[in-house]
Each structure stands twice: as structure tokens, then as C-alpha cells.
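Descriptive structure summary
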Amino acid sequence: MAAALLGGCSSSGAPELTGEWADYLGGADSAQFSPLSDINSGNVGHLQVAWSVPLPNNGQSNGNPLVIDGRMFVPYSGGILALDPATGRELWRLDAEGVRMRGLSSWDGGRGEPRRLFYNHQDRLYAIEAATGKPVTSFGDNGSIDLKQGLGRDPATIRRIESQSPGRIFDDLIIVGTTGGDEWNGPPGYIRAFDVRTGKLRWTFHSIPHPGEAGYETWPKDAWKQVGGVNNWSEMTLDTANGILFVPLASADYNFYGVNRKGSNLYANSLVALDARTGKRLWHFQTVHHDLWDYDLPQAPKLLTLNRNGKRVEAVAVAGKTGFIYTFERRTGKPVFPIEERPVPKSDIPGEEASPTQPFPTAPEPFVRQRMTAEDLSPYLDPAERKQIAAMIAGLRNEGIFTPPSRQGTLQIPGSSGGTNWGNGAVDPRTGRFFVVGMDIPAILRMEPPSDKPRTMFLGQSAGNPGEAVYAQNCASCHGEKRAGQPPAIPALTGIASRRTAGQVSEIVTRGRAVMPAFNLKPQEMKDLLLFLGFSQEQAGKVSSPAVAAGPDGQGGEGAAAKSGPIKLKTGYNFLFSKTMLPASATPWSTMTAYDMNSGKKLWQVPFGELPGLKDSGTLFPRGTIVATAGDLIFAGTQDRKLRAWSMADGKLIWQAPLPSVPGGVPAVYKSGGRQFIALMAGSYDPAIAKMSSVMSEGRNSIVAFALPKK
């Protein structure tokens, strides 16, 4: 890595004391709200591009910029940029190829010390000077710490641990989560706090309890030594006044099969309140017992002060992939609205003990569908395909939300992406309103056994070469027999050799990315797979699969069955798409919903954007979207390359403007030089997806700032 200092102080002069966007999602409270109101419904129509900066080498970013001390800090795939927030002029650049951060952490340098920024890269946590981008060499080992250490597992068995979401700063601590992939024996998702000055570990919360800790009895004996997941890959929220850290946790791994992890599996799928100073658990609530659906809590909890029957209630609310919002009193964890345990369908998988009940909030009502029939199919299906898909649905287990995965196939609604996802919620703390972007795309969970033997490619034909066998065993359940994928959620692998290098493909396979888990292929298996995907002998021969030591019980070794360990049945992320590569379910495929959290009532719901030529269709799998403002507006970039503004009052779209590329991160709202700006990353154009997707044409990835005309 190298940092080049290209400038000094912002041209706007001394650092502004107000109007900053000083933390990820706007603040430690994750409100995604700005108190600025210069831009409002009366003048938003006059917004224009104030400046636009292309990302170097058309790099990608879904980051939420920070604006603090007169500088803007932007993470992107090539590293980090520091810009003048008034003009976009580059101040310095840190080169770190492969950074994939949704934002950055900032420490204000107590005791007169310089401000520091923190980011994750290659499974390490780095500290740099905010003024220059240079490493803080007194932090950890010459400026970074190894996040694979201290998890109670051999670091050599951990393929991936860094989270794309930034940690939260509390006093002199940086508190971080993890992302470890979806394999059953991946790393545990412990929450850890490190000293911001030295990098020394200060406390750890065991999300998979150890002996003697509360919740240990909800797992098989010594599960903490083997089971992975139960991590915070998404976002955390701090109540700084009360010193409480709210941590939404993901499911245990493997996501869709729990025979090896009998019990309710605390603290998976739980909202956990921790003492931010010590990591001590204060309270928790588990939103899904013994998860079999990948129904993580994917979004930052929101802090609200509510008026309940004339009583002031300090509340925390969190939206889930289930489509529910769960609301609690912050200090006690008592539900603000009753949550009922209701009976749910039983599993028919041998040995699977699905929970007989699941929690159902009585308010607010869900923001997405939780049941679907053939009557709910897309209006864009042709008659023949409609009949075919209706017949397929009739053959699936389809008993509504929490129907367990099955051998015959289960219609999962909401699908495993939600519901909602990261960056998709905002609140208005003045009024107690909660705005949430939801996704309405079902999936099919069909459980099949892993195998060491080359299996068919689902067309009655045996795998014809070793690479085809590797693909069938490891890749086909998600990317499909013809490698067509389900773009944009799951990219096609046809022509991948023209869009990625062999090294890049090997890196993704070995470390995983997004919903894709990491795979431990032997060097010959990796070479065979690369050849099957279209790489030349020379290209494939230069790449080997990095050795990963055997994990718990010797797993991580030979063949698909060995790598699956106790997981006897698996399923892919099979979203219900049509032959047009659009969802087969009825539109809108994504929505924005507003709630009055004082009463728990839904106020309005509107489609969230649209795809080209499909009015009010909603977009596909939106993440990192909305911000609300005191100007009574909601802003977000949408996949059709527009920045939109909606009225908070009724959800009416009142303004939109084109963007140079596909957006993919929460906007920052700030003031600089006396002007209010709205800046966002239009940085999600990916040629590897664009070449096989009708919904993504070429774009110039950039960060774009909008403002009213200068007076």
C-alpha cells in the first residue's frame, strides 16, 4: 500500500462544526437521518450536480462517504480517497487494491491526538491518519492487526473474516464484527473490541457461548469449537448516552441444515444489547429459533424516542429478512408491541428438529409478503411459462413463512436476501417514523446430498470432464447447470474468462464473496474448474488454490462429502426467476414502506424505483439505499441510475436525476462552504455482470455530489 499526499486543508477553510456526516450511516445511532433542511420539497427540483469525481480505473464502491474535519473520505475497490467535500478535489489517495468497505470508522483523537480512520483489508484492521492517509504505525503491527487471531480457531483454517461494514467507535474502543462465509465449520462471529491506540484486544462477546456462559445449553456440547456463523456481517448501533451497543446477529452455519446443531442456537438471529465498555450482555431477543432459512438480522438497529399512550419510551427497532420489525425498550429489552410465539410447519428432513414455534410481532405489520400462491406470479410471464411455474409451485412445500427446507423443494418467502438488507432503513427521530426498503423475491430451497462422485448436470447427463465434476459438486446449485446464474443476485459464469482473470476467480472461490461461501479446492481441482470455465492451460496453470489447514474434526480436506462434514443435505440460493432473468413473482419486487412507530401503524408503501421499461416494478435486491432529512425528504440512488427524492409525508416521488453509473451505497448529507450537499457512490457498475444482464449497461463509476445552485 502507498499513500500519496496531494493536498492540504479543504478549500472550504477551517473544519465545519456542524453539518458533518461524521460516521457510517450518519452517526453512531445509525439513523440515516440528517438534521439539515436547506433542501426541501419546495426547492428540491432545483438540485443539480455540484461536482462528480470518477473512481480511479473505474473502481467499484458501495460505500457511505464520511465528511468530517473539512474532508470527505471514500472507500473504493482500489483503496481510499480523501476529497474536498465542496469541490471534489482530491486531497490524498491510499492505494489498497481489493478494499470492499461499506464505510469507514473515524476516531477523533482524544487527548489532542490526530484523527484516525479505520478500515478492513485482507482480513486485517488498518489504522491511518485522516490528514494524510499514512499508516498509524503505533497501532498493532506497524499499523494493522490480524483479525484471524483470537477466535479460538487455528487461523490457518480461516479463509475469510473481515467484514465489509465498518466498526463502531466508543470512547477509546473500536468494536468490530466479522464475515466468515456460510460453511458449517467456518469461524465463529464473535464481537470484539480493540484499543484504538494500540490495537490490543479489550473484550470479546462469544456469540456462540462457551461452557458456563448463558445460552450454552441451546447448542450441542462444545458447538463453539466447530460451528461457524452467528456473526455481525451487517451493521451495529450505539446508544452513546447509555453506553449500550446493539448488535444484530446472523444465522448459524450451515444456513439451511441444522441436524448437527440441535437447539434454538443462541445468539444466532438475535438482537443483543451489550455494555459497550465491557462487552457484557445486557439482554437479547432471538427473532428466529434454529434458523433454517438464512434469515439474518441484516440491518442496523434504529434508536427512537416514542410516545406510547402519553409515556416517553426510549426504543430500539430492527428490521429483519423475515419482513418483520421488532421493537424493544432499549434498557430492558421488553417488547414495545407484543411478540407472540406461534406454531409453524414441521421439518420432514430426517433428524431435523425445527423449532415448533417462531416469534411473530403483532405490530407493525410486515413490509413484504410472507405467503405466495400461483395467483401472485409476474404479469410479465408468457402464458406457457406461467403455466409451467404454477405447476412447479403446486409441487413445492408452500405453507408460508418458516416452512422448512425440504427434499421436494420449499417455496421460501421472503427469500434468503430478505425482507430487507443492509443500509435499507432510515428513521426520522423528530416524529418516530421508520422507513424501510424491502425486497419481495421468493426462493426455492430444495435439499440435495453432497457427493464425492461426479453427479449429473441436472439434464440426465454425466459430468464429462474433471472440471465439470468440480463445477457440478460445488457451483451448479447456485449458478445453474448452464452457468447462467441468476443475475444480478448470482452472476452468470458464461464467458467469465473474458471478464475476470484466473487469479481473481481463484480468489473469489477460495475466500468467498457476498452470499457465496468459501470453497477449499485442491490445486488440481482449482485448475480443472478454471479450465472448465474457459481459461487456457497457461492461465489455469499459473493459479493454485491456497492451502487451507484442516478445520474442526479434520474437515476442510478431501472431496465434497468430507468438506460437508455433518451436512448431509444442501441447497443453493435459488431465487424464483423466469427465463427472462427477472423474478417470476408479481411486482413490485422492492418497495419502500413508512411506519409511525408510536402507534405501529403503516403510513404508506410505494415501489422502490423501477427497471427499464417496467413502470413501478421496483428494483432487484436493493442494498445500501436511503437517507432521510429534516427537509422532509427521503433520498436514494436506484438501480436505473437515478437519484430520487420522495416526500416523507406520503411517499410521492417528487424529483429524480440521472447518475453516471449504478448506485450502491447510502448517501451522505452534509454542509460545506455554506451549501448543503447530497453525495453518493454511483459506483456499482461491474462489467462481469453487465455483459450478461439486461439491467446493467456500461457506466462510469463515480462519486457524485448534488446541491442547489450557488446564490
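In what follows, the accompanying structure is described. (Residues numbered from 1 in each chain as written. Predicted model: local features only at pLDDT ≥ 70, side-chain atom pairs only at ≥ 80, totals over all residues. Heavy atoms only, no water.)

1. Let's talk about the overall build of the chain
Within the chain one finds 8 helices and 38 strands. When each of the 711 residues of the chain is scored for burial, the buried share is 62%. The contacts of the chain with a sequence gap of at least 6 include a subset with a gap of at least 24, amounting to 64%. (Helix = DSSP H or I, 4+ residues; strand = E, 2+ residues; numbered from the N terminus. Buried < 20%, exposed > 50% of the residue type's maximum accessible area, 1.4 Å probe, protein only. Contact = heavy atoms within 4.5 Å.)

2. A closer look at the sheet that holds strand β22 (residues 325–329)
With antiparallel pairing, 3 strands are arranged side by side in an open sheet as β20-β21-β22. Two strands lie at the open edges of the sheet, namely β20 (302–308) and β22, each paired on one side alone. Averaged over neighbouring strand pairs, the angle between their axes works out to 40° when direction is ignored. The sheet contact formed by strand β21 (residues 311–319) and β22 spans 5 bridges and is antiparallel. Bridged to Val-316 within β22 is Phe-328. (Pairing = 2+ DSSP bridges. Axes fitted to C-alpha atoms, helices over the stretch in contact; angles between N-to-C directions.)

3. Examining the sheet that holds strand β28 (residues 443–445)
What the 3 strands build is an open sheet, ordered β25-β28-β29; its pairing is antiparallel. This sheet does not close on itself; its edge strands, each paired only once, are β25 (410–412) and β29 (574–575). In the sheet, β28 pairs with β29 via 2 bridges, with the strands oriented antiparallel. Within β29, the residue paired with Ala-443 across the bridge is Phe-575.

4. Structural notes on helix α1 (residues 383–394)
The terminal C-alpha atoms of α1, which comprises 12 residues, lie 17 Å apart, in line with the 16 Å expected from a rise of 1.5 Å per residue. If you check which residues of α1 are buried, you get Glu-385, Ile-389 and Ile-393. The arc that holds every buried residue of α1, seen down its axis, measures 75°, which confines them to one face. Counted as exposed and oriented over 90 degrees from the buried face of α1: Pro-383, Ala-384, Lys-387, Gln-388, Ala-391 and Ala-394. Where α1 is buried, its residues contact β25. (Expected span 1.5 Å × (residues − 1). Arc of directions from axis to C-beta.)

5. Description of the side chain of Ser-347
Relative to the elements of secondary structure, Ser-347 occurs in the loop between β23 (339–343) and β24 (357–361). If we skip the residues at most four places from it in the chain, Ser-347 touches Glu-352, Ala-354, Arg-397, Pro-404 and Pro-405.

6. A word on helix α5 (residues 523–532)
Turning to α5, its buried residues number three or more, namely Glu-525, Met-526, Asp-528, Leu-529, Leu-530 and Phe-532. In the segment just after α5, Gly-534 is the residue with positive phi, at about 110°.

7. Section: the nonpolar core
Core analysis: the largest hydrophobic core is formed by 46 residues, its most contacted members being Phe-246, Leu-271, Trp-283, Tyr-326, Phe-328, Phe-402 and Phe-575. Contributions of two or more residues to this core are made by β17 (244–248), β18 (270–275), β19 (281–286), β21, β22 and β28. Setting aside residues up to four positions removed in sequence, Tyr-326 forms contacts with Phe-285, Thr-287, Leu-297, Val-316, Ala-317, Val-318, Ile-339 and Pro-361. Leu-151, Ile-161, Ala-252 and Tyr-267 belong to the second-largest nonpolar core, a separate cluster that totals 44 residues. (Core = buried A, V, L, I, M, F, W, Y, C linked by side-chain atoms within 4.5 Å.)

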